[in-house]
Amino acid sequence: MVRMSAEERRESVIRAAITEFARGGYNGTSTEAIAKRVGVSQPYLFRLFPGKRAIFLAAAQRCCQDITKVFQRASEGAEGEEAVQCMGDAYQALIAEDPEKLLMQMQIYVAVAAAESAGDPEFGESLRAAWMEMYDVANLAMGADIGETTQFLAFGMLINVLVSMGFKPDHRVWAGFHEATQPRAAEKE
């Protein structure tokens, strides 16, 4: 049996945390559930991360980084409308293939808002920075057109909400979207 290094184990904790937090949110997810998913004890988990907050922040940052990488790869060599289409298609494929990424995003927004309403503005600082990196990648791919970037991300957020709420691709709520921005055919099944 091959033993994992601490870094490999840390990586497995981040992946497990994305799964658990995506499903249960920050407050509804226990570190025990994450440790169990990874197959480690809670004390070992806390040797890798100082606490639940650190685990959530690592998982949330990874989620944002993964989406940023999808945008970077998709827009490579593309410009303008082609970049928009490529990033939109790649993002739709990501959330269709890995719905936990979508759910984790939604949990990030809730966790930051809840922390800040409880008087903890620092919780959201690193997550806003990760989100801004994603924004900047999209913005650059669109030729630094702030209006286009805003529209692209606004449509993306609306799509996130509609998909999260379970609106099927043939529902009338999708009628106002350009065909290319509607959920992929694979999601219809």
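Read on for an overview of the structure. By convention here, each chain's residues receive numbers from 1 onward along its written sequence. Whole-chain, interface and lining totals are the exception, using all residues; otherwise, since this is a predicted model, local features are given only for residues with pLDDT of at least 70 and side-chain atom pairs are given and counted only at 80 or more. Calculation of side-chain values draws on the structure's entire complement of heavy atoms; hydrogens and water are dropped beforehand.

1. Details of the pattern of salt bridges
- The salt bridge definition used is simple: a Lys or Arg side-chain nitrogen within 4 Å of an Asp or Glu carboxyl oxygen. Considering all chains together, one arrives at nine salt bridges under this definition.
- Note that Glu 100 and Arg 23 form a salt bridge whose closest N and O atoms lie 3.3 Å from each other. Here the residue Glu 100 occupies a position in helix α6 (residues 99-117), and Arg 23 occupies one in helix α1 (residues 6-28), the gap between them amounting to 77 residues.
- Only protein chains enter the calculation, and the probe is 1.4 Å; a residue is then buried if its accessible area is under 20% of its type maximum, exposed if over 50%, and partly exposed in between. For Arg 23, a relative accessible area of 57% gives the class exposed.
- Ionic pairing is found between Arg 128 and Glu 125, a salt bridge with its closest N-O pair at 2.8 Å. Here the residue Arg 128 and the residue Glu 125 both occupy positions in helix α7 (residues 122-141), the gap between them amounting to three residues, near one helical turn. Here a helix means four or more residues in a row that DSSP labels H or I, a strand means two or more in a row labelled E, and each is numbered from the N terminus.

2. So, the nonpolar core
- By nonpolar core we mean a set of buried residues, namely Ala, Val, Leu, Ile, Met, Phe, Trp, Tyr and Cys, connected to one another through side-chain atoms within 4.5 Å. Grouped together as the largest cluster of nonpolar side chains are 50 residues, with contacts concentrated most on Phe 56, Phe 71, Met 104 and Ile 108.
- Note on contacts: a residue pair is in contact if any heavy atoms of the two residues lie within 4.5 Å. If near-sequence neighbours (up to four positions away) are discounted, Phe 56 is found in contact with Phe 21, Tyr 26, Met 104, Gln 107, Ile 108, Ala 111, Phe 123 and Leu 127.

3. Digging into the side chain of Asp 120
- Relative to the elements of secondary structure, Asp 120 occurs in the loop between α6 and α7.
- We call two N or O atoms a polar contact when they sit within 3.5 Å, provided that within protein one can donate a hydrogen and the other can accept it, with sequence-adjacent residues counted only if both atoms are side-chain atoms. Within the structure, Asp 120 has its side chain in polar contact with the backbone nitrogen of Phe 123 (distance 3.4 Å).
- The contacts of Asp 120, once residues within four sequence positions are left out, are Arg 53 and Ala 115.

4. Points about helix α5 (residues 80-97)
- If you check α5, its first and last C-alpha atoms are 26 Å apart, about what 18 residues at 1.5 Å a residue would give, namely 26 Å.
- Taken together, the buried positions of α5 are occupied by Ala 83, Val 84, Met 87, Gly 88, Tyr 91, Gln 92, Ala 93, Leu 94 and Ile 95.
- On its buried side, α5 packs onto α4 (52-75), α6, α7 and α8 (146-164). Under the convention used throughout, the expected extent of a helix is 1.5 Å for every residue step, that is, one less than its residue count.

5. Thoughts on the packing of aromatic side chains
- Between the rings of Phe, Tyr and Trp (Trp by its six-membered ring), a pair exists once the centres lie within 6.5 Å; its type follows the angle of the planes, with under 30 degrees stacked, over 60 edge-to-face, and the other angles tilted. A full pass over the atoms with the stated rule returns eight aromatic pairs.
- Here Tyr 26 and Phe 56 contribute two aromatic rings whose centre-to-centre distance is 5.2 Å and whose plane-to-plane angle is 80°, an arrangement assigned as edge-to-face. Of this pair, Tyr 26 sits in helix α1 while Phe 56 sits in helix α4, and the two are 30 residues apart along the sequence.
- With a relative accessible area of 22%, Tyr 26 lands in the partly exposed category.
- Among the residues examined, Phe 56 registers a relative accessible area of 0% and is labelled buried.
- Through successive ring pairs, a cluster of aromatic residues spans Phe 21, Tyr 26, Phe 56 and Phe 123.

6. Let's talk about a nonpolar patch on the surface
- Without a salt bridge and with relative accessible area above 30%, a residue can belong to a patch; like charges are then joined within 9 Å and nonpolar side chains (Val, Leu, Ile, Met, Phe, Trp, Tyr) within 5 Å. Residue-level accessible areas treat just the shown protein chains as cover; the underlying method is Shrake-Rupley with a 1.4 Å probe. A cluster of nonpolar side chains, contributed by Leu 158, Val 161 and Met 165, occupies part of the molecular surface with about 270 Å² of accessible area.
- Its relative accessible area of 39% is what places Leu 158 among the partly exposed residues.

7. What about the packing of α1 against helix α2 (residues 31-38)?
- Each axis is a line fitted through C-alpha atoms, taken for helices only over the stretch in contact, and angles between the N-to-C directions span 0 to 180 degrees. Interaxial distance between α1 and α2 falls to 9 Å at its minimum, and their mutual angle equals 125°. Classified by the angle between their axes, α1 and α2 sit oblique to one another. Crossing geometry of α1 relative to α2 is assigned as right-handed. Across the interface between the two elements, Arg 9, Ser 12, Val 13, Ala 16, Ala 17, Thr 19, Glu 20, Phe 21 and Arg 23 from α1 touch Ala 33, Ile 34, Arg 37 and Val 38 from α2.
- Residue polarity is assigned by list, with Asp, Glu, Lys and Arg as charged and Ala, Val, Leu, Ile, Met, Phe, Trp, Tyr, Cys and Pro as nonpolar; anything else, Gly included, falls into the polar class. When the residues that make up the contact of α1 with α2 are grouped by side-chain class, the tally is seven nonpolar, two polar and four charged. What sets the label is the angle itself: under 35 degrees gives roughly parallel, over 145 gives roughly antiparallel, 65 to 115 gives roughly perpendicular, and the rest give oblique. Take the far helix as the reference: if the near one is turned anticlockwise from it by less than a right angle, the crossing is left-handed, and if turned clockwise, right-handed.

8. Focus: the packing of α5 against α6
- Between α5 and α6, whose axes approach to 4 Å, the crossing angle comes to 95°. As summarised for this structure, α5 and α6 are arranged roughly perpendicular, according to the angle between their axes. Together, Tyr 91, Leu 94, Ile 95, Ala 96 and Glu 97 of α5 and Pro 99, Lys 101, Leu 102 and Gln 105 of α6 make up the contact between the two elements.
- Looking at the contact of α5 with α6 residue by residue, the class counts come to six nonpolar, one polar and two charged.

9. So, α7
- Between its first and last C-alpha, α7 extends 30 Å over 20 residues, near the 28 Å set by a 1.5 Å rise per residue.
- Along α7, the positions that sit buried rather than exposed are Phe 123, Gly 124, Leu 127, Ala 130, Met 134, Tyr 135, Val 137, Ala 138, Asn 139 and Ala 141.
- Looking one or two residues beyond α7, the residue adopting positive phi is Gly 143, at roughly 75°.

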